[in-house]
Amino acid sequence: MATLRTRWLLSMLLVNLPNCCTPTGLPTRPSRPECYFPCDEESCNVDIHCAWDPRPDPHFPTTYSLHWEPAISEGRYVNSQTGSSAVIDREDFANHGKISVWVEAKNSHGSTTSQTVVLNIADINKPPPPNITLRQQKSIEIEWDSFCDELGFSVGTCYVRNRIEADRVWLEYESGLFHMHMIESPQPCTIYEIQVRCACTTGLISDWSTIHRIKSTETDPVGKPDIWLDCGTSPASFNCALTWKNLAASQACSVLGYAVTLFYNNGTNVSSTEESSRLCNKMQCQLNTSLEDVSSFNVSAFNTYGATEPSHLVMPVPGKEKNEQVIQLNMNEVNLTVSWDLPSQHTDNLKEYVVQYKQGGSPTGKGFDWIKVKKTQTVFFKGPFKKVTPFQVSLFSVSQSLEVHHLSSVIGYSLEGTPSRVRSFNVIDIAPTQVSLLWEPVPLFERNGVIQYYQIGLDRQNVYNVSATQHETKSFELKHLNPGQEYEVSIRAVTVAGPGANVTTKFKTKQDENFVHLIPAVLVPSLVVLLVVICILVLLCCCRGEKVCPLVTSCFCEKVPDPSNSHIFRQMKHQINDSLAWICIPVNEQHPNISILEVVEIQPGAVMSSPEKTSDTDGLTRPILRDGCSQMDCQDDQSENAVLKQGGRTDHRYGRKDYSKMVDSDEERDKEEDRDDCWSSSEEEQLTSDDDPLGRHSEAFLCRTLEGGLR
């Protein structure tokens, strides 16, 4: 459905396209005709000449016809193929009375007519333009002659107009009945264009005469040079250059040079005369002389005819200027508009305002211009103004006594970009919890825009925005930092176009001295007290048993069977000379080796002379243990062990059960029974055979050795 509708609309458009593009058809209405009897210097023509603006239609050919009435022949008219003028012959109208005239335009679609003009036949004579005579001295004099007298008429009103050759606008004056006009104070060496037209007392006014040209003569320069100071981007400084603008063509046709007089603070003055070609370019002039200790100066221009009045200016005094932010800028690549608003007290004793702009980074004499105004608080400068280039705009006031006061300065850009890197960025005054950051602002010619703020980042997390001010070294304090920690900090400048490149540095905060001194003061006494408490607990546990201090005992002593009940450990205590070695038994102590028993048969009837004698010559050998335990010592231990085994009693010295009570397996019980049998037989032998001590001890020692092996 949508396709059919679209096709229908398209077909209708194609059918009606020729008609919609065709104009309505009727020709454009021509202007009302202007009809007159043309006159020359001696007489006037008898035929009526008429002219009009045809306003042709470019789409269709149009013919124009001139009509009038009353006519001598009814329906008389003149056809004009040219379409702009026609002539009514003398025989086609009466030589007195009035006549109505109009123009008709006709083409294939129809016709239109102009407005009707009623003419008085006796009052349509048109005199020729007057003859002009020009003379000049300091002014330009214009004289002319009309032809009214030759035509038999009285002289009427005349009009004069003039303009400078380069201008398009005419300045028109009415001279009345006088046949002269004067242009006073013309611009020197300037070409003027002049025209005159006159009317008689009856008839029409003549056409403008042809253009007459005349060049004004050269005179002495007029006016005063517009002088000012180019101090770069420092509005109040002795490092300035005296500069002024070339005189305009309206002030001087040519300038040969300038006379400059410098007045110093010590009362002396120095005058110099320089040719303009050495000081000036096309627009401005500059004096390359130091202005140190200069209080004021005069500048005047001169040529062969004379010199201008000198311009006087007083040097601004550094330190007295204010910098109120009162300037508003509207800037692009073509135009700069500067406006300001000051309180009424600033207008007291005011002679004029001076508004200047200076391109940042450019030398003196370049990228610099100024305008002086009386009361207006808005000025306009013409460009071009470069992109991402700073222009410092400054406002000054000049008092009636010619004192200069700097009021305000502001930086403007026709188009802003991202700024350059910060050149110098340092971390100073490092403390445990804070540091100070120090950096230099981006130079004016590297900012590429008005810096809104500096952005500081700490460890890529915390961000601080610091407002930007000009001509100051910037600083910022980072607080609430941790002592003894390493940080990374970065900085970048930000304009309307965005942030610039980062500059990063690292630093480490200092340790807190109070905290360092507090550690030994608190920990050393605590450690001493802790060690004393541990020693006391260990001594108590070792002296009174593990029930007193089970935790300390479990930490320092392995829970093993009581070594006092072991015959092997009882043998070892005789070999240890260290008095503190009995406090704790090593945890992973290996079992001692079983002593080697040497058995020697004793012949009947042999008698030992001494128990300690071990000589082979006596035929006796005493069993010796490898670890140094003698048979007598073993016998003492055996007697002690026998006492501990009675009735399954507990050793009160250590608070533990007898070592034999801790054997639970059947195998261990069998070994216990064998051992008891061994001890019983040994005791019986001791009772029944007292006269064989060596055998008795040998048998008892063998049983004890077996017992140690079982354990």
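Treat the numbers as computed from the prediction; the structure is a model and nothing was measured. (Residues numbered from 1 in each chain as written. Predicted model: local features only at pLDDT ≥ 70, side-chain atom pairs only at ≥ 80, totals over all residues. Heavy atoms only, no water.)

**Student:** Now, about the overall build of the protein chain: what can you tell me, with residues and values included?
**Tutor:** Within the protein chain one finds 8 helices and 41 strands. In the protein chain, which comprises 711 residues, the share counted as buried stands at 36%. If you take every contact in the protein chain between residues at least 6 apart in sequence, the share linking residues at least 24 apart comes to 64%. Carbon and sulfur atoms make up 52% of the accessible area of the protein chain, which totals about 42,300 Å². (Helix = DSSP H or I, 4+ residues; strand = E, 2+ residues; numbered from the N terminus. Buried < 20%, exposed > 50% of the residue type's maximum accessible area, 1.4 Å probe, protein only. Contact = heavy atoms within 4.5 Å. Areas by Shrake-Rupley, 256 points an atom, 1.4 Å probe, with all protein chains shown as cover.)

**Student:** Could you give an account of the nonpolar core, naming the residues involved and the relevant values?
**Tutor:** Formed by 31 residues in total, the largest nonpolar core has its most connected members in Trp 228, Leu 229, Leu 242, Trp 244, Tyr 258, Leu 291 and Phe 297. For this core, the secondary-structure elements that each account for two or more residues are strand S17 (227-230), strand S18 (241-245), strand S19 (257-264), strand S21 (284-287), strand S22 (294-303), strand S28 (368-373) and strand S30 (391-399). The biggest single contributor to this core is S22, with 4 residues. Those residues in contact with Phe 297, other than ones at most four positions away along the chain, are Ile 227, Leu 229, Leu 242, Thr 261, Leu 262, Phe 263, Ser 311, His 312, Leu 313 and Met 315. (Core = buried A, V, L, I, M, F, W, Y, C linked by side-chain atoms within 4.5 Å.)

**Student:** Explain the sheet that holds S28 to me, using residue names and the numbers behind them.
**Tutor:** Within the open sheet, the 4 strands sit side by side as S28-S27-S30-S31. Their pairing is antiparallel. Edge positions in the sheet fall to S28 and strand S31 (404-412), since each has one partner strand and no second. Looking at each pair of strands side by side, their axes are set apart by 15° on average, direction ignored. Pairing analysis gives 8 bridges linking S30 to S31, with the strands arranged antiparallel. Paired with Phe 391 across the strands is Gly 412, a residue of S31. (Pairing = 2+ DSSP bridges. Axes fitted to C-alpha atoms, helices over the stretch in contact; angles between N-to-C directions.)

**Student:** Report on the side chain of Ser 394, specifying residues and quantitative values.
**Tutor:** The residue Ser 394 is located in strand S30 in this model. A polar side-chain atom of Ser 394 sits 2.8 Å from a polar atom in the side chain of Ser 409. (Polar contact = N/O pair within 3.5 Å; in protein donor to acceptor, adjacent residues only side chain to side chain.)

**Student:** Can you explain the packing of aromatic side chains? Please cite residues and give values.
**Tutor:** In the structure shown here, the tally under the stated rule is 12 aromatic pairs. Taking 5.3 Å as the distance between ring centres and 90° as the angle between the ring planes, the aromatic pair formed by Phe 385 and Phe 391 counts as edge-to-face. Residue Phe 385 shares its accessibility class with Phe 391, and that shared class is buried. Cluster of aromatic residues (ring-pair linked, three or more members): Tyr 357, Phe 381, Phe 385 and Phe 391. (Phe/Tyr/Trp six-rings, centres within 6.5 Å; stacked < 30°, edge-to-face > 60°.)

**Student:** Kindly report on the confidence of the model for the protein chain, identifying the contributing residues and their values.
**Tutor:** Low pLDDT means the predicted atomic positions in that stretch should not be read closely. On average, residues of the protein chain carry a pLDDT of 74, and 66% of them reach 70 or more. Across residues 576-590, confidence stays below pLDDT 50; counting only partners more than four residues off in sequence or on other chains, it has 10 contacts. Between residues 604-668, whose pLDDT stays under 50, and residues either more than four places distant or in other chains, the model counts 97 contacts. (pLDDT = per-residue confidence, 0-100.)

**Student:** Describe the pattern of salt bridges, listing the residues and the values that go with them.
**Tutor:** Tallied over the entire structure, the rule returns 14 salt bridges. Note that Glu 34 and Lys 126 form a salt bridge whose closest N and O atoms lie 3.8 Å from each other. You can see Glu 34 sitting in strand S1 (residues 34-38) and its partner Lys 126 sitting in strand S9 (residues 125-126), a full 92 residues away along the chain. Here Lys 126 falls in the buried class, since its relative accessible area comes to 8%. The residue Glu 352 makes a salt bridge to Lys 351 at a minimum N-O spacing of 3.7 Å. The exposure class assigned to Lys 351 is partly exposed, which follows from its relative accessible area of 29%. Here the salt bridges do not stand alone but share partners, grouping Glu 34, Lys 126 and Asp 207 into one network. (Salt bridge = Lys/Arg side-chain N within 4 Å of Asp/Glu carboxyl O.)

**Student:** Break down unusual backbone geometry for me, with residues and values.
**Tutor:** For the bond running from Glu 69 to Pro 70, omega is -5°, close enough to zero to count as cis. Locating Pro 70 in the fold gives a position in the loop between strand S3 (63-69) and strand S4 (77-80). Between Gly 383 and Pro 384 the backbone carries a cis peptide bond, its omega angle lying at 10°. You can see Pro 384 is positioned in the loop between strand S29 (378-382) and S30. Even without being a glycine, Ser 185 presents a positive backbone phi close to 50°. In this structure, Ser 185 sits in the loop between strand S14 (180-183) and strand S15 (191-200). Residue classification places Ser 185 among the exposed residues on the basis of a relative accessible area of 69%.

**Student:** So what about the sheet that holds S14? Which residues, and what values?
**Tutor:** Pairing within the open sheet is antiparallel, and its 3 strands lie in the order S10-S11-S14. Two strands close off the open sheet at either side, each with one partner strand: strand S10 (131-136) and S14. Going from strand to strand, the sheet's axes swing by 20° on average, the running direction of each strand aside. Across 4 bridges, the pairing between strand S11 (residues 140-145) and S14 is antiparallel. Counted as the bridge partner of Glu 143 is Met 180 from S14.

**Student:** Break down the state of the cysteines for me, citing the residues and quoting the values.
**Tutor:** Counted according to the given criterion, the structure contains 6 disulfides. Each disulfide pairs two cysteine sulfurs, and for Cys 35 the partner residue is Cys 50, the sulfurs being separated by 2.0 Å. Across the S-S bond of Cys 35 and Cys 50 the torsion is about 120°, and the bridge reads as right-handed. Note that Cys 35 is positioned in strand S1 and Cys 50 in strand S2 (residues 48-51), a separation of 15 residues in sequence. Both residues of the pair, Cys 35 and Cys 50, belong to the buried class. Between Cys 231 and Cys 240 runs a disulfide, and the two sulfur atoms are separated by 1.8 Å. (Disulfide = S-S within 2.5 Å.)

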